[in-house]
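Each chain, written out:
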Number of protein chains: 2
Amino acid sequence: MGMNPTVKDIAAKLNLSTSTVSRALTDHPDVKKETKRLVLKLARELDYQPNPIALSLKKNRTYILGVIIPETSISFFSKAISGIQEVASKAGYQVMICSSHDSVDIERQNVQTLLNSRVDGLIISVSRETQDVNHLARILDKRLPTVFFDRICEELQSTQVVADNFAITFRATEHLITTGRKRIAYIAGPQNLYNSRKRLEGYKAALQKYKLPIDDDLIIASHYEGENVKTYTDYLFNLNRQIDAIFAINDRTAIEMIHLIKQRQVKVPEDIAVVGFNNERFSAFFDPPLSSIDHPAFEMGKTATELLLQHIADDQFPIQKKVIKSDLIIRESSFKS
Amino acid sequence: MGMNPTVKDIAAKLNLSTSTVSRALTDHPDVKKETKRLVLKLARELDYQPNPIALSLKKNRTYILGVIIPETSISFFSKAISGIQEVASKAGYQVMICSSHDSVDIERQNVQTLLNSRVDGLIISVSRETQDVNHLARILDKRLPTVFFDRICEELQSTQVVADNFAITFRATEHLITTGRKRIAYIAGPQNLYNSRKRLEGYKAALQKYKLPIDDDLIIASHYEGENVKTYTDYLFNLNRQIDAIFAINDRTAIEMIHLIKQRQVKVPEDIAVVGFNNERFSAFFDPPLSSIDHPAFEMGKTATELLLQHIADDQFPIQKKVIKSDLIIRESSFKS
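Keep in mind the model is a prediction, meaning the values are calculated, not measured. In this convention, every chain numbers its residues from 1, walking through the sequence in written order. The lettering of chains begins at A and the numbering of ligands begins at 1, in the order of writing. Predicted model: local features are reported for residues with pLDDT of at least 70 only, side-chain atom pairs are reported and counted for 80 or more only, and whole-chain, interface and lining totals are derived from all residues. Side-chain measures here rest on the full set of heavy atoms in the structure, leaving out hydrogens and waters.

Enquirer: Run through the overall build of chain A, naming residues and quoting values.
Expert: Counting its secondary structure elements, chain A contains 12 helices and 12 strands. By its C-alpha atoms, chain A is 75 × 45 × 35 Å across when sized along the principal axes. The rule is simple: take the accessible area with a 1.4 Å probe, protein chains only, and divide by the maximum for that residue type; under 20% is buried, over 50% is exposed, in between is partly exposed. Expressed as a percentage of its 337 residues, the buried residues of chain A come to 58%. We call two residues contacting when some pair of their heavy atoms lies within 4.5 Å. Across chain A, contacts joining residues at least 24 apart in sequence account for 73% of those joining residues at least 6 apart. Only runs of H or I of at least four residues qualify as helices and only runs of E of at least two qualify as strands under DSSP, and these elements are numbered from the N terminus.

Spelled out as structure tokens, the structure:
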């Protein structure tokens, strides 16, 4: 045990979970009296100093964070939830997740439901349909601590956590251009979403920097649905533009495209280079291993939650905009040395 | 429009969502008076007949279903949630999801939180740590409609939805044996979980049927964590048992193992056949394409929710145990014709 004993030290000594200890220290109603007594006694003996967040904790909390995301089955969001959960658990908070199923109607209901459950704060990534943001503005008016992440609303004055969508897509496109590619197809996400828009801008900016034409026929407006991958691939081949690279919206799409390209006896990466997005666990094991963007989903969930907890602890918490860096992982699908 | 107008027909005519119409028909407080008036007027005009579930709906509902699962980032659970969400949305219900993070402490808190939110019913898959089930028995004592799925508690008298774990693992093992495999390694899940136990039983029963020895050294107790795949693979090769097949706990493990096996210049399936579990979207696109169990995650979520809604509508709903069939998808990783 170091100089400053932590919640973890107390938990280990008493054979309790860290979340029980955190809750005991903040006088949470769910913890038994006897447990509280033991925890407080040991905390005094060890001269435990709570951190600033714990110090400022007030009563009347529910110790519940509400989360609204479009879809739990999208791997980005399920990883982000793991990050949210990790930070929340350590701080003695529970997480209540609602999925909007990418519907603005359900998103409105989700907001109401989580407010009714008196959550201490909200973490939100908006649905694909969300254009009118009145229901979200209403939360901010109530001064309920709220953090938006990934799919944010630019028009709302609130704390936000986003990836460096523009910069990383620029970089990946530049990688393709500087390794000799000239006709790069781009499978884009829905353009009413902030992150999809920024990424498409990054792709276009890279083409412009290298004085390559922006060919709208090579930009496919996808809807994140896997079913159309064959249609996209057939379309690109039927264009007769001799594309030499594809930058796909996610790894699943990229991998299915590589499969379809190989079926046509076209070689990856010799004839067509392919880059994905998300760097899924399985992407390194393909043939060829897939180049991809390492999208910091877990990190974004963690950061959003840390900011939210700071906001909950401090009424005067200033609005913050955090950008989490992505990474370009170059493997054989885009470049063979 | 057919003979019996549906909620969908009413929704289309009024340009409303089906969930708004469902809620208007059951006098849900969230729906505006004017909307309710319009819906009821049209329902009368079309002679709309609500289905038995809608008929028996009572007041004082929150129209929220609570879900407790171990981890949203496990693909089985994120798919199951999609199934839950689909049925719930259509019935005008919202879903509130808590992840226990595979901790029984958090699971206990989740139960309390969802009860505090006055959910109309619960869908639960227990944590890896759950042995003492008092907190779950308490829900049943309260007569709150509850359905367990996948990771169920055999000792609790409640409605359950499970996959045919024993039968499908038996079948996959039999497939390996009848195509000539004799030393089949098995990467098992945590044995305190119902589904992992049943699957291991299926594997052993198939070996017994074909009078093959059960070699405990070939059974690896895994913990669903991807980090150990290399350790498992090294272990199996160091055994010097000349294993000729591997049945892995999930597709991610299977795919990483194939990658590691190929690095050793050993051929799949010629030298070692590999079968995975879950039939992930990407598994068909590997080299070789992966044989796998199509685990009916979405279907299980749907069925659990349908049973829960029936239970909510009917106090006298009898306890049911539903088994959802899995499928064995044979691809080149286990058999080359």
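Additional details are given in the paragraphs that follow.
Enquirer: Now, about the sheet that holds strand β12 (residues 327–329) of chain B: what can you tell me, with residues and values included?
Expert: Residue and element names in this part refer to chain B. At least two bridges found by DSSP between two strands are what make those strands a pair. With mixed pairing, the six strands of this open sheet are ordered in space as β7-β6-β8-β9-β10-β12. Two strands close off the open sheet at either side, each with one partner strand: β7 (219–221) and β12. Across the sheet, the axes of successive neighbouring strands diverge by a mean angle of 15 degrees, strand direction being ignored. Inspection of the sheet shows strand β9 (residues 273–277) paired to strand β10 (residues 291–294) by three bridges, in the parallel sense. Counted as the bridge partner of Gly276 is Ser292 from β10. Here an angle of 0 to 180 degrees is reported between the N-to-C directions of two axes, which are lines fitted to C-alpha atoms, with helices fitted over the stretch in contact. In the packing of helix α8 (residues 165–178) onto the sheet, the strands contacted are β6 (184–188), β8 (245–247), β9, β10 and β12, and the crossing angle to β12 comes to about 30 degrees. Relative to the sheet, helix α10 (residues 229–238) contacts β6, β7 and β8, its axis offset from that of β7 by approximately 155 degrees.

Enquirer: An account of the side chain of Thr130 of chain B is needed here, citing residue identities and associated values.
Expert: All names here are of chain B. Examined against the element boundaries, Thr130 turns out to sit in the loop between β3 (121–124) and α7 (134–141). A distance of 2.8 Å separates a polar atom in the side chain of Thr130 from a polar atom in the side chain of Glu107. Not counting chain neighbours up to four residues away, the residues in contact with Thr130 comprise Val104, Glu107, His135 and Leu136. N or O atoms closer than or at 3.5 Å make up a polar contact, with two conditions inside protein: a donor-capable atom paired with an acceptor-capable one, and, for residues adjacent in sequence, both atoms drawn from side chains.

Enquirer: Could you give an account of the packing of aromatic side chains, with specific residues and numbers?
Expert: All names here are of chain B. Stacked, edge-to-face and tilted are the three classes for Phe, Tyr and Trp ring pairs, Trp counted by its six-membered ring, which pair at centre distances within 6.5 Å; planes under 30 degrees apart are stacked, over 60 edge-to-face, the rest tilted. Scanning the entire structure with this criterion turns up 20 aromatic pairs over all chains. On the basis of an interplanar angle of 50 degrees and a centroid distance of 5.3 Å, the ring pair of Tyr63 and Tyr93 is categorised as tilted. Placement of the pair is Tyr63 in the loop between α4 (52–55) and β1 (64–69) and Tyr93 in the loop between α5 (75–90) and β2 (94–99), with a sequence separation of 30 residues. Note on accessibility: Tyr63 and Tyr93 belong to one class, buried. Ring plane angle 20 degrees and centroid distance 6.3 Å describe the contact between Phe166 and Phe170, whose orientation is recorded as stacked. Placement of both Phe166 and Phe170 in helix α8 is noted, with a separation of four residues, approximately one turn of the helix.

Enquirer: Account for the packing of helix α1 (residues 7–14) of chain A against helix α2 (residues 18–25) of chain A, naming residues and giving values.
Expert: Residue and element names in this part refer to chain A. It is the contact of α1 with α2, at a shortest axis distance of 8 Å, that shows an interaxial angle of 110 degrees. Judged on the interaxial angle alone, α2 and α1 are roughly perpendicular. Here α1 runs over α2; the crossing is right-handed. Taken together, the residues of α2 that come into contact with α1 (itself represented by Val7, Lys8, Ile10 and Ala11) are Thr18, Val21, Ser22 and Leu25. For the contact of α1 with α2, the per-class residue count stands at five nonpolar, two polar and one charged. Orientation labels follow simple angle bins: below 35 degrees gives roughly parallel, above 145 gives roughly antiparallel, 65 to 115 gives roughly perpendicular, and whatever is left gives oblique. Handedness of a crossing follows from how the near helix is turned relative to the far one, being left-handed for an anticlockwise turn of less than a right angle and right-handed for a clockwise one. Just so you know the grouping, Ala, Val, Leu, Ile, Met, Phe, Trp, Tyr, Cys and Pro go in nonpolar, Asp, Glu, Lys and Arg go in charged, and all remaining residues, Gly too, go in polar.

Enquirer: Summarise the nonpolar core; cite the residues concerned and give the values.
Expert: Within the largest apolar cluster, 56 residues are counted, with the highest numbers of intra-cluster contacts made by Phe149 and Val161 of chain A together with Phe149 and Val161 of chain B. Excluding anything up to four places from it in sequence, Phe149 of chain A contacts Ile69, Phe76, Phe77, Ala80, Ile123, Ile124, Ser125, Val161 and Ala304 of chain A. Among the buried residues, those of types Ala, Val, Leu, Ile, Met, Phe, Trp, Tyr and Cys that are joined through side-chain atoms within 4.5 Å form a nonpolar core. Counting 52 residues, the second-largest nonpolar core is a separate cluster that includes Val229, Ala248 and Ala254 of chain A together with Ile261 of chain B.

Enquirer: Outline the side chain of Ser334 of chain A, supporting the account with residue identities and numerical values.
Expert: All names here are of chain A. Relative to the helices and strands, Ser334 is located in the segment after β12 (327–329). On the accessibility criterion, Ser334 (1% relative accessible area) is buried. Of note is the side chain of Ser334, whose polar atom sits 2.7 Å from the side chain of Ser291.

Enquirer: Residue-level account of the relation of the copies chain A and chain B, with values.
Expert: Residues reaching a pLDDT of at least 70 in both copies supply the C-alpha atoms on which the copies are superposed by least squares. Of the two same-sequence chains, chain A is brought onto chain B (RMSD 0.1 Å, axial shift 0.0 Å) by a rotation of 180 degrees. Considering both components of the superposition, the chain copies are consistent with a two-fold axis. Closest approach to the rotation axis among the C-alpha atoms of chain A is made by Ile97 of chain A, whose C-alpha sits 2.4 Å away. Of the residues that chain A buries at the interface, 100% are likewise interface residues in chain B, meaning the two copies contact each other through the same surface.

Enquirer: Describe the interface of chain A and chain B, listing the residues and the values that go with them.
Expert: Counting residues at the interface gives 41 residues for chain A, matched by 41 residues for chain B. Two parts placed together each lose some accessible area under a 1.4 Å probe, and the buried area is that loss summed for both. At the boundary of chain A with chain B, total buried surface from both sides reaches about 3600 Å², with 53% on carbon and sulfur atoms. If you sort the residues of chain A by the area they bury against chain B, Gln94, Arg281 and Phe285 of chain A come out on top, with a joint share of 17%. Here, a salt bridge means any Lys or Arg side-chain nitrogen found within 4 Å of an Asp or Glu carboxyl oxygen. Between the two partners, chain A and chain B, sit two salt bridges. Here Glu256 of chain A and Arg281 of chain B are joined by a salt bridge, their closest N and O atoms 2.5 Å apart. Where chain A touches chain B, the interface holds 20 residue pairs in polar contact (both at pLDDT 80 or more). Elements supplying a minimum of two residues to the side of chain A that touches chain B: α2, α5 (75–90), β2 (94–99), α6 (104–116) and α11 (251–263) of chain A. The class makeup of the residues in the side of chain A that touches chain B is 13 nonpolar, 19 polar and nine charged.

Enquirer: Describe in detail α5 of chain A, supporting the description with residues and values.
Expert: All names here are of chain A. To estimate how far a helix should extend, the number of its residues minus one is multiplied by 1.5 Å. Look at α5: 23 Å from first C-alpha to last across 16 residues, which is about the 22 Å you get at 1.5 Å a residue. Across the 16 residues that make up α5, a large majority, 13, are buried. Backbone geometry just downstream of α5 places Gly92 in the positive-phi region, at approximately 80 degrees.

Enquirer: Go over the state of the cysteines with me, naming the residues and quoting the values.
Expert: The criterion for a disulfide is a pair of cysteine sulfur atoms lying within 2.5 Å. Applying the stated criterion across every chain, the model contains zero disulfides over all chains. Its sulfur unpaired, Cys98 of chain B is 9.1 Å from the next cysteine sulfur, which belongs to Cys98 of chain A. According to the relative accessible area criterion, Cys98 of chain B is buried, its value standing at 1%. No disulfide involves Cys153 of chain B; its sulfur sits 17 Å from the nearest other cysteine sulfur, which is in Cys98 of chain B.

Enquirer: Break down a negative patch on the surface for me, with residues and values.
Expert: Residues form patches when they are more than 30% accessible in relative terms and have no salt bridge. Like charges link within 9 Å. Nonpolar side chains (Val, Leu, Ile, Met, Phe, Trp, Tyr) link within 5 Å. Calculation of accessible area relied on Shrake-Rupley with a 1.4 Å probe; when residues are assessed, cover is drawn exclusively from the protein chains displayed. The convention is simple: Lys and Arg are positive, Asp and Glu are negative, and His and the chain ends are not counted. Throughout, a charge is located at the NZ atom of Lys, the CZ atom of Arg, the CG atom of Asp or the CD atom of Glu. Negative charge collects at one region of the surface, where Asp287 and Glu332 of chain A together with Asp287 and Glu332 of chain B lie side by side. Among the structural elements, Glu332 of chain B can be located in the segment after β12. What makes Glu332 of chain B partly exposed here is its relative accessible area of 37%.

Enquirer: Describe the pattern of salt bridges, with residues and values.
Expert: It is possible for side chains bearing opposite charge to pair when their charged atoms get close. The full count for this structure, using the stated rule, is 32 salt bridges over all chains. Residue Glu154 of chain A pairs with Arg197 of chain A through a salt bridge whose shortest N-O separation is 2.7 Å. Residue Glu154 of chain A is found in the loop between β4 (146–149) and β5 (159–163), and its partner Arg197 of chain A is found in helix α9 (residues 194–209); the two are separated by 43 residues along the sequence. Residue classification places Arg197 of chain A among the partly exposed positions, given a relative accessible area of 27%. Between Asp217 of chain B and Arg241 of chain B there is a salt bridge, with its nearest N and O atoms 2.6 Å apart. Of the two residues, Asp217 of chain B is situated in the loop between α9 (194–209) and β7 and Arg241 of chain B in the loop between α10 and β8; the sequence distance between them amounts to 24 residues. Classification of Arg241 of chain B as partly exposed rests on a relative accessible area of 26%.

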